[in-house]
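Remarks on the overall topology
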Amino acid sequence: MTEARKIAINQIAEFILSQLHISAPLNEKQLKSLVELLGGTVKSDTFDKMTYGMIKVNGEDNFIITYNKDNSSETLFTIAHELGHYFLHLRDENGNLKDTYHDSPLYRRGISVEEDEANEFASALLMPKEVFNKYIDDNKNNQQIDLVKLANYFNVSQTVALNRGKSLGRFL
């Protein structure tokens, strides 16, 4: 993904948060409300351990995000990731919801550009740059940050928080 595309994805996520008057850190109720506002539903199911979630178009302007209830520490990121597909990949050139869309269940492996973009969107939605950087600046101790506290603050896994920090140039 190009730097320009990454910036654009972050701007989309920030625009959504500002238009809906939502501020980070987000919680599951806020994300589910956003999905419902868009005409979608969120449900949980049981998948294999490598499948975190998926999005499925279910008729005109209707979609379902399903997350793996066995991966509870990844629920918020999974819902936000699938919203990334909704905003970035589920619309045709006229802005209409595509009739079909197949989401790869293997997104954590970084298989495609679409999956990388959805991950970037999820990180930007859950951990906006300014909020993330402020948390780091306000909570660093001897130039170090407690990754567990950081992840808990944003309601994400330590891996997701670490990746966001690396993406923003805050962590090596």
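Our structure is the block above this text.
Quantities reported herein were computed from a predicted structural model and do not represent experimental measurements. (Residues numbered from 1 in each chain as written. Predicted model: local features only at pLDDT ≥ 70, side-chain atom pairs only at ≥ 80, totals over all residues. Heavy atoms only, no water.)

**Section: unusual backbone geometry**
- Residue P25 follows A24 across a cis peptide bond; omega there is 5 degrees.
- Relative to the elements of secondary structure, P25 occurs in the loop between α1 (3-19) and α2 (28-37).
- One non-glycine residue, N142, adopts positive backbone phi at about 55 degrees.
- If you trace the backbone, N142 turns up in the loop between α5 (129-139) and α6 (147-154).
- Residue classification places N142 among the exposed residues on the basis of a relative accessible area of 69%.
- We note that Q143 has phi near 65 degrees; this positive angle belongs to a residue other than glycine.
- Relative to the helices and strands, Q143 is located in the loop between α5 and α6.
- Judged by its relative accessible area of 66%, Q143 is exposed. (Helix = DSSP H or I, 4+ residues; strand = E, 2+ residues; numbered from the N terminus. Buried < 20%, exposed > 50% of the residue type's maximum accessible area, 1.4 Å probe, protein only.)

**With respect to the pairing of strand β3 (residues 63-68)**
- Burial runs high along β3: six of the six residues are buried.
- Neither face of β3 is open: one carries F63, I65 and Y67, the other I64, T66 and N68, and all of them are buried.
- Taken together, the five bridges between strand β2 (residues 53-57) and β3 define a ladder with antiparallel strand orientation. Note on β3: the bridge partner recorded for V57 is F63. (Pairing = 2+ DSSP bridges.)

**A short note on helix α7 (residues 158-167)**
- Those residues of α7 that fall on the buried side of the exposure criterion are V160, A161, R164 and G165. Taken down its axis, α7 places every buried residue within 135 degrees of arc, on the same side.
- Backbone geometry just after α7 places G169 at a positive phi near 75 degrees. (Arc of directions from axis to C-beta.)

**A look at the pattern of salt bridges**
- The full count for this structure, using the stated rule, is six salt bridges.
- With its nearest N and O atoms 2.8 Å apart, the salt bridge here joins K32 to E28. Of this pair, K32 and E28 both sit in helix α2, four residues apart, which is roughly one turn of the helix.
- With relative accessibility at 26%, the residue K32 sits in the partly exposed group.
- Classification of E28 as partly exposed rests on a relative accessible area of 27%.
- For the salt bridge of E120 with R164, the shortest nitrogen-to-oxygen distance reads 3.2 Å. Of the two residues, E120 sits in helix α4 (residues 113-126) while R164 sits in helix α7, which places them 44 residues apart along the sequence.
- If you follow the salt bridges from partner to partner, you end up with D137, K140 and R170 in one network. (Salt bridge = Lys/Arg side-chain N within 4 Å of Asp/Glu carboxyl O.)

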